[in-house]
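For reference, the chains in residue letters:
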Amino acid sequence: MTYDFLQHYWWLIVSLLGAILVFLMFVQGANSMVRTLGWTAEGRRLVVNSTGRKWEFTFTTLVTFGGAFFASFPLFYSTSFGGAYWLWMIILFSFVLQAVSYEFQNKLGNLLGADTFQWMLVLNGILGPLLLGGAVATFFEGSNFVVEKANLFNSGLGMTDSDAIVSAMQQSGMAISHWGNASHGLDALLNPWVLVFGLAVMFLARTLGTLYLINNVADEDVQCRASVRLVGNAVPFVLLFVAYLVHLLLKDGYAYDENGNIMMVANKYLYNFIEMWPLLAMLLVGVVLVLWGIVSEMHASSSTKGTSVFRGIWPAGIGTVLTVLSLLLCAGWNHTAYYPSTYDLQMSLTIENSSSSEFTLRTMFWVSLLVPFVLAYIVYCWRAIDSKKLDKEELCTDEHAY
């Protein structure tokens, strides 16, 4: 295992976690429509309890994604999470609202009422996917940050040594990186293409949310409403995603040479997909699966909706993971700067200049071999939770219902 292999391996792991996170945001997507999918108080409780069975998976994956990024590419973590903190704080605050809403909306002594907490779910369902999608879009569009390289080298250690980075973070008055303006990340939303991708992720989450409810809730009213909103969310998602994909393949990209010099290259991401053709195949398969999952559920009869694993949420979910994974790998592999700086091109981050030390990556490699066992446990728990569709009777008999 060479240092180069470990850097590429950990970008793969981080990208996979990010792709799974995008799929699991069907929870946020369904919650953003809780007021319209459930026309009655009982219907809204069905929606909340359906997504409430899975919100811990989403939140845990978000934390794991951030932790893996910090451990493997600490310079990105300190730059993005430390510099663009307004963007990340709004995202995290919306997830805190989600957790509070689930736990307290039907508790005795709730002075705010269930409706207030359900509106918190709606807020998280809109802001979470929109801002996370915008954050991912900065991998291709760039961000306005400055890396103080002198602070990284003042101890005589290289930028890729995680111990030097942590030491620099702890020194009083020493900043590794900072934002080039006072917006601290919110300026990314002024880029129309960042908004296009963010909106695409938001409508994707809403599309997956409707597909999940069709598969998970045994209530005719909720299923009918979800079927109607499936069309209203899938169409803008497809239009926005295709528009951004065309833009991505035609735009100039951020590349670096053997000496680490960053340069602009025409159609860089198009060439990445051509030169790494398995990623292109993964992208195409993923897109086809997402479209198949949507279209097949649209054309299913009312009596067979949500009854087959070969249509609906499962092919669309697998397709989402494959599509997002291929895009994230395209952003970091093949000598591509995955976090470009619009302030100074040479400050852009790559998997080589922002990774942890070889010792850290090698040690974490052995730990990562436990991931398949964790995934198997998640699959087991998922099957146990969803062994029976949720219905109104269960709301009355389940003492743990939200």
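For the structure, check the block above.
What you see is a predicted model; the values in this text were computed from it and never measured.

## Describing the overall build of the protein
Alright, step 1. When its secondary structure is counted, the protein shows 18 helices and 4 strands.
Alright, step 2. Expected size for 402 residues packed as a compact globule is a radius of gyration near 21 Å; at 22 Å, the protein falls within 12% of this value.
Alright, step 3. Considering only C-alpha atoms, the protein reaches an extent of 65 × 50 × 40 Å along its principal axes.
Alright, step 4. Expressed as a percentage of its 402 residues, the buried residues of the protein come to 54%.
Alright, step 5. Long-range contacts, defined here as pairs at least 24 residues apart, represent 79% of the contacts in the protein between residues at least 6 apart.
Alright, step 6. If you sum the accessible surface of the protein, you get close to 17,500 Å²; carbon and sulfur atoms cover 69% of it.
Alright, step 7. Charge centroids of the protein, computed over 19 positive and 27 negative side chains, lie 11 Å from each other.

## Brief notes about the packing of aromatic side chains
Alright, step 1. This structure, assessed with the given rule, holds 41 aromatic pairs.
Alright, step 2. Centroid distance Phe-57 to Trp-382: 5.8 Å. Interplanar angle 15°. Geometry classified as stacked. Note that Phe-57 is positioned in helix H5 (residues 55-72) and Trp-382 in helix H17 (residues 371-385), a separation of 325 residues in sequence. Residues Phe-57 and Trp-382 agree in their burial class; the two are buried.
Alright, step 3. An angle of 15° between the planes, with centres 4.4 Å apart, marks the rings of Tyr-77 and Phe-81 as stacked. Of this pair, Tyr-77 and Phe-81 both sit in helix H6 (residues 74-83), 4 residues apart, which is roughly one turn of the helix.
Alright, step 4. Looking at Tyr-77, the relative accessible area reads 29%, which means it is partly exposed.
Alright, step 5. Over the aromatic face of Trp-382 sits the side chain of Lys-54, whose NZ or CZ is 4.7 Å from the ring centroid.

## Notes on unusual backbone geometry
Alright, step 1. You will see that Asn-267, though not glycine, has its phi angle at about 55°, which is positive.
Alright, step 2. Position of Asn-267 relative to the elements: it lies in the loop between strand E4 (262-265) and helix H13 (268-275).
Alright, step 3. Asn-267 sits in the partly exposed class, given a relative accessible area of 22%.
Alright, step 4. Unusually for a residue other than glycine, Asn-334 sits at a positive phi of about 60°.
Alright, step 5. Tracing the backbone shows Asn-334 in the loop between helix H15 (313-332) and helix H16 (358-368).

## Digging into the pattern of salt bridges
Alright, step 1. Scanning all chains against the criterion turns up 5 salt bridges.
Alright, step 2. Put simply, Asp-386 and Lys-54 hold a salt bridge, and the shortest N to O gap is 2.9 Å. Remark: Lys-54 occurs in the loop between helix H4 (41-52) and H5 and Asp-386 occurs in the loop between H17 and helix H18 (392-397); sequence separation between them is 332 residues.
Alright, step 3. As a salt-bridge pair, Arg-225 and Asp-221 come within 3.4 Å of each other at their nearest N and O atoms. Here Arg-225 pairs with Asp-221, and both are found in helix H12 (residues 220-250), just 4 residues apart, close to one helical turn.
Alright, step 4. Shared partners join several salt bridges into a network, and the residues in it are Arg-53, Lys-54 and Asp-386.

## Quick word on the pairing of E4
Consecutive residues of a regular strand have side chains that alternate between opposite faces of the sheet.
Alright, step 1. Here 4 bridges tie strand E3 (residues 253-256) to E4, and the two strands are oriented antiparallel to one another. Bridging from a neighbouring strand, Tyr-256 pairs with Ile-262 of E4.
Alright, step 2. What sits between E3 and E4 in their antiparallel hairpin is a turn of 5 residues, with Gly-260 showing a positive phi close to 85°.

## As for helix H8 (residues 114-141)
Alright, step 1. Over its 28 residues, H8 extends 40 Å from the first C-alpha to the last, a length consistent with the 40 Å expected when each residue adds 1.5 Å.
Alright, step 2. Counting buried residues along H8, 20 of its 28 residues qualify, which places the element largely inside the surrounding structure.
Alright, step 3. Once H8 ends, the next one or two residues include Gly-142, with phi positive near 95°.

## Examining the environment of Leu-16
Alright, step 1. Position of Leu-16 among the secondary structure elements: in helix H1 (residues 3-24).
Alright, step 2. Remark: the alpha-carbon pair of Leu-16 and Leu-325, spanning 309 residues in sequence, is separated by 5.7 Å.

Calculation criteria
- Residues numbered from 1 in each chain as written.
- Predicted model: local features only at pLDDT ≥ 70, side-chain atom pairs only at ≥ 80, totals over all residues.
- Heavy atoms only, no water.
- Helix = DSSP H or I, 4+ residues; strand = E, 2+ residues; numbered from the N terminus.
- Rg over C-alpha atoms; globule rule 2.2 N^0.38 Å.
- Buried < 20%, exposed > 50% of the residue type's maximum accessible area, 1.4 Å probe, protein only.
- Contact = heavy atoms within 4.5 Å.
- Areas by Shrake-Rupley, 256 points an atom, 1.4 Å probe, with all protein chains shown as cover.
- Lys, Arg positive; Asp, Glu negative; His and termini not counted.
- Charge placed at Lys NZ, Arg CZ, Asp CG, Glu CD.
- Phe/Tyr/Trp six-rings, centres within 6.5 Å; stacked < 30°, edge-to-face > 60°.
- Lys NZ or Arg CZ within 6 Å of the ring centre and 35° of its normal.
- Salt bridge = Lys/Arg side-chain N within 4 Å of Asp/Glu carboxyl O.
- Pairing = 2+ DSSP bridges.
- Expected span 1.5 Å × (residues − 1).

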